[in-house]
Amino acid sequence: MAAPFWQAGKLYLPGDLVQPITQPAPNDPQVTNGGFEGGPTGWTFSGDAAYSTTGGYGSARCVVLPGNKPDGVALNNAQLVVPVGAQLTATCLIQQGASVAGATAGWAEVRWYDALNTLLQTDKGNAVDSGSNGAWHPSTVTSTAPASAAYARAAIHLTSVADHDHEIFGDNLSVSGATAGLPEGLVYKAVQTESGTSGSSEPAWPGILGQQVVDNEVIWEAVTTSRVTWTAGPRYVSGATEPVWPTDIGAMVQDGTINWKAISRRVEDEKCPNSKVVAIVASKVFAADDDIVKFSATANPLDWSTVDDAGYLPTGLQQANANSMAVLQQYRANLVALNASSFQNWQVDPDPASMAILDQMDGIGSQWQRAAAPVSNDLIYLSQRGVRTIGIANAAENLAAGDIGAPIDVLVQQAMLYAEANSTPPIGTYYPGAGQYWLAFPNYPPPVLGVYGKLPAGGCGDAIDYTYVVAGGLPPYNVEISAGELPEGLSMTAQGRVLGELAKGGDAIWTVRATDALGDTAELQESRTGPEGFFKYLTSRPYPVVIPPDGITAAAQFDGPGFPPSYAHQDTFTAAAAVTGGELRPLLIPLNQPVEAFNVSATVTGGSLVVTLKSYTMQPEAISTGTNITGGTLEVKLVQTTVPVESVTAATTITGGTLS
Amino acid sequence: MTGRIVTLNAAKGGINRLRVKGGADPNTLYDLVNGYVDQAGVSRSRPGTKNKATLPTGATKGMCAYDGKLIVFSHEPQTIPASTPIVECEVLKHPSTPDLPIKDIHFAGPFLGYLYVVPEFVNGDVFHYWLQRGTTWEPGKVYLPGALVTPTNPNGIAYQLDSGTEQFAVWVRNIARVVGDKVVPTVDNGYYYTVTDVFGPAPRSGAIEPTWPTSPGATVFEDSDVANPTPVPGEQSGNQLPPDVTERYGSVGSGSSPWRNLNREAE
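First, a word on what this report is: a plain description of the structure on this page.

About the thresholds
- Residues numbered from 1 in each chain as written.
- Chains lettered and ligands numbered in written order.
- Predicted model: local features only at pLDDT ≥ 70, side-chain atom pairs only at ≥ 80, totals over all residues.
- Heavy atoms only, no water.
- Contact = heavy atoms within 4.5 Å.
- Buried area = accessible area lost by both parts, 1.4 Å probe.
- Salt bridge = Lys/Arg side-chain N within 4 Å of Asp/Glu carboxyl O.
- Polar contact = N/O pair within 3.5 Å; in protein donor to acceptor, adjacent residues only side chain to side chain.
- Helix = DSSP H or I, 4+ residues; strand = E, 2+ residues; numbered from the N terminus.
- Core = buried A, V, L, I, M, F, W, Y, C linked by side-chain atoms within 4.5 Å.
- Buried < 20%, exposed > 50% of the residue type's maximum accessible area, 1.4 Å probe, protein only.
- Pairing = 2+ DSSP bridges.
- Axes fitted to C-alpha atoms, helices over the stretch in contact; angles between N-to-C directions.
- Phe/Tyr/Trp six-rings, centres within 6.5 Å; stacked < 30°, edge-to-face > 60°.

## Quick look at the interface of chain A and chain B
Taken together, the contact between chain A and chain B spans 66 residues of the former and 88 residues of the latter. It is W230, Y236 and R265 of chain A in chain A that bury the most area against chain B; as a group they hold 16% of the surface buried on that side. Where chain A meets chain B, there are five salt bridges. In this structure, the salt-bridge partner of R265 of chain A is E90 of chain B, at a minimum N-O distance of 2.9 Å. Here chain A and chain B share 38 residue pairs in polar contact (both at pLDDT 80 or more) between them. Mapped by element, the contributors of at least two residues to the side of chain A that touches chain B are β13 (186–190), β16 (218–234), β17 (252–255), β18 (258–263), β19 (278–281) and β20 (284–289) of chain A. Sort the elements by how many residues they give to the side of chain A that touches chain B and β16 of chain A lands first, with eleven residues.

Structure, rendered in C-alpha cells:
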C-alpha cells in the first residue's frame, strides 16, 4: 500500500504523507538545448554573455562574450538530480577566436543548489585560454554532489581581460551522471509546524527531493520515504473467568494473556530495621533500630537505602546513655522518640537535610509504644508511673500529682505490674468520638492465684513427671511443699514439677503452695489415702528383688510364667513358691480379664512373700492362699472396692512373723 | 456539700431546671445524658452503636479501620462469615516459614493509601509490610506492567502482573519490516505492536525508537528517509578513553580549573 493520494481541502497534520494525483515531470538527465539549436531557450545568461547566431560549433548558434567585456555565463536551466556523493561530469567546447593566449578564457562549470535553490558550490573545468586561432577546444569538469545538494546546473563560463577586444565563444554543453526520471518512493510530506488545510487544487509538485511547494496552509516537501505503520495491541488482557488464585507467596497463575504472581508485599530493603516501634510522619516511615531511628525514602516505604532520602536520626548520640528507642509517636508536626529514660523531639521533614533535634530531656521516658497517642496539643504516653503527657511547652512526669493521669496512677501501676510480668503490653488510643484516651490492659485483672492439679495415680516403681498448674496472680511463681511430704522417691521443683520414681506405695498427704511475685499464696492439699493411695507393689515391669541387709538368698519356684510374673491373661493363677530370702512379689493385674481362681501356695522361711491382687472382675470367693510362714512376713493385699473384704479367705499358719 | 436526696419516682415533668423553694421535684429531671424516658416514665439508657463482628476463632490478630472496613490479619487466608462483610482479612506470611502464625500486630496504619503493618510471628521475628492492593480483578481488562490486583473475593493476598503468556521480539533499529511483524518496545509499556502497513522502497525501522502509543488500535508511523538515512549512532564500549585526556580535566583552552588559575596568579 502506498501513501494516500492528495485531497483538496483536507486537514493535514505535520508529518502526513501523500502522493500526488498528477505526478511531476520526470527529471531530465541531460541539459536542455546544450548546442543552442533551439536558440537561447533553456539558458539563462548573466554578465555579458549572450546568445549568438554566428560562430557556433557545427552550427552558427552558440554563446558569445563580446570583446572588452570581462565576464559572462550561460547557465543551463536543466536541474540535474545527482545522488549525494555521486559525480556529475559536464563538458563544453570553447573557441577563443582571434584572442591571444591568456587574453580570454572559457570553461565548463557545475553549480550545486540545495532544495531552496541556494547555490552551495561551484566547480570549474579546465580553462581554455591558450589562444587557439579559431579552433574549438573542450573543457571538462567532474564534480561530486555535496551534502544537502538537491540538484546541479551546468554552465559555460567565459572571461576576457579588460583591454582585449576579441570575442570568445562557447558551445555544445553536455553532462553525464544525472539521474533520470523521479526518485523511487517519492512522496510528499507535510512539514508545516501546525495542522493545515490543503488548497482546492493540486499544487505543482516538485520532482526534486527536498524541494517544497506551498499548498494553501500546507507545505509539502518531496521526500523518498519508506513508512512502517505499527498498530498497538494490549499485551496483558485478563481472561473471561477469574482464575483460581494460589495462596502460596511466589506462586503464579495464568489468566488470559497474563501471568499473575502472588506477592508478599513485605518491605524487603535490607536496611529496613523490621522493628516493632514504628511511626509515620513527614511522608516517611520511621522505625526504631536500637539506639537510632531509621526512616524510609519520602513517599516510598519500600525504599530504606536511597542516599539523601532514606537515612536515620542519631537519637543515640543525643543522650547520656544509648538505650534502645522504645516509643515513636507524632507530636504535632514533629516526631517524639522516647526510651526508658529520655525524651527527644525531632523536627522531621521529607528532606533529610531539614531534620533536626528540637528538644531533649533526660529523666522522662516510656517503654510502651502502643500506649502513646497524640491528642490535640498533647502527646499522651505511659510512663513508668502512669499516664503522662508531653505538651507544647513542657514534658512532664510529675510523680506526685498534676498530670492528667495522676489520679489513676494506683490503678495503672498495678496493671502495669501484671502487664510487664505477663508480657502483654497495654494498648492505648484516642477515641475522638468521646474525647477520651483509652488505655487497655490485656488479661487484667488476672484471676485469683491458685494451684491446680492432682498427682496421677501410680504404683511403686512408677516414674512420675507431673507439673502442678499455677495460674492467676503475678508471675513469676515459686512452688513448694508447705506441709506433709511427697511420696517417697518424688521431689518437686520451684516451678511445681514433680519428678521421680515412686519408691514406696501407700498413703501420702502433702500440701503444694504457690507464691507469686506479690507474695500472695495459694495452696493445694493432696490427700492420697485409702483407695486414693499409691500401690505399694507393682510388677508391671521388671522389679528388683529387695535384698535385706542380712543378705538372705531367695529361691522361688513358680507354676506360672517366669519372674517377674505377669498374669494378665490367665484364667487361673497358681503360684507355689518357697521363699527363703528376699522378696517375692507376685502381682495379678488382670485388667478386664476375668480370673476364676487365684491360688498362692508358698513356703516362706525367710524374707517376704507379697501377694497383691488387683482385680475388679474376679469373684473374691475364688481367692485362696495357703501359706506356711516359718519366718518373715506374708502380706496379702486385696485391692477391690466393690466386694466386701470379708469374703476373702486366707488359711495361713504363721509360725513366726506377721500376717498383715 | 451534702444535699438532700430526692428520689426520682416518675419523670412526668421532663427536664426542668427551674428550682423553687423546697428543692428538687421528684417528678422532673435536672439533666439526662445519653438516656430517655419511656412511656412508663422510667429512665432508660440510650442504646449505643454496636458493631458485631464474627471472626474465625483464634485465627486472626490485630484489627484496624481501613478503607471503610475493619482489617484483621492472619498468616493464611481466612473465611470471614458473610454476616460480617465489613471485616476483611489480610494475609501476612513469614518470608521463610510461611505457615508460621502471627503472634501480634505492633503497628497497622494507612500510608500512601495502603496499610503499613508490622506483625510479629510466634518465633519472635518482626517484619514490615506495605499492603498495596491495586484494583479488584476484572475479566477482559487490559492491565499494564506492574499492575496489582486482588481477587473479587479477597483472600488477603495481592497478585502482581509478572509477565505475559506470549513472547514478542523487542524492537531493534534498522531492521527491514514486513506486514505482520510484531514487536514490543524496549521498555515494556503493556502493548505489542504489529506492522499493519508498509510502503516505500525499503520499509524498515529507523535509528530512533518510535514514541509508542498506549491505547488499543492506535497507530504510529516509523518513517525512514531513503535518500538521506539517519546515521546510526555508534555503540559506546563504555571504557574508551577520551580523545584528549587533558581536555577531560579542563587543562586546555582558557583554563577554568582552580589549580590553573592559582598557578597563573602565582606567575
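## Things to note about the nonpolar core
All names here are of chain A. In this structure, L88, W112 and I156 are the most contacted members of the largest nonpolar core, which totals 29 residues. Listed by contribution, the elements that provide at least two residues to this core are β5 (62–65), β7 (87–95), β8 (104–113), β11 (151–160) and β12 (168–176). In this structure, V451, V498, V512 and A522 belong to the second largest nonpolar core, which totals 19 residues.

## What to know about unusual backbone geometry
All names here are of chain A. Cis geometry is found at the peptide bond from P475 to P476, where omega equals 0 degrees. If you trace the backbone, P476 turns up in the loop between β34 (469–471) and β35 (478–484). Positioned with a positive phi, N33 is a non-glycine residue whose angle comes to about 55 degrees. With respect to the secondary-structure elements, N33 resides in the loop between β2 (17–18) and β3 (43–47). The backbone phi angle of D308 is positive, close to 65 degrees, even though this residue is not glycine. On the secondary structure map, D308 appears in the loop between β21 (292–295) and β22 (311–313).

## Things to note about the sheet that holds β35 of chain A
Residue and element names in this part refer to chain A. The three strands lie next to each other as β35-β38-β39, forming an open sheet whose pairing is antiparallel. This sheet does not close on itself; its edge strands, each paired only once, are β35 and β39 (521–528). Sheet twist, expressed as the average angle between the axes of neighbouring strands with direction ignored, equals 25 degrees.

## A closer look at the pairing of strand β6 (residues 102–111) of chain B
Sheet topology places β6 of chain B next to strand β7 (residues 114–121) of chain B; eight bridges connect them, and they run antiparallel. Looking at β7 of chain B, one finds that I105 of chain B is bridged to P119 of chain B.

## As for the packing of aromatic side chains
Residue and element names in this part refer to chain A. All chains considered together, the criterion is met by 22 aromatic pairs over all chains. Ring centres of Y113 and Y151 lie 5.3 Å apart, and the angle between their planes is 15 degrees; on these two criteria the pair is classed as stacked. Within this pair, whereas Y113 is found in strand β8, its partner Y151 is found in strand β11, the two being separated by 38 residues in sequence. Neither residue differs from the other here; Y113 and Y151 are each classed as buried.

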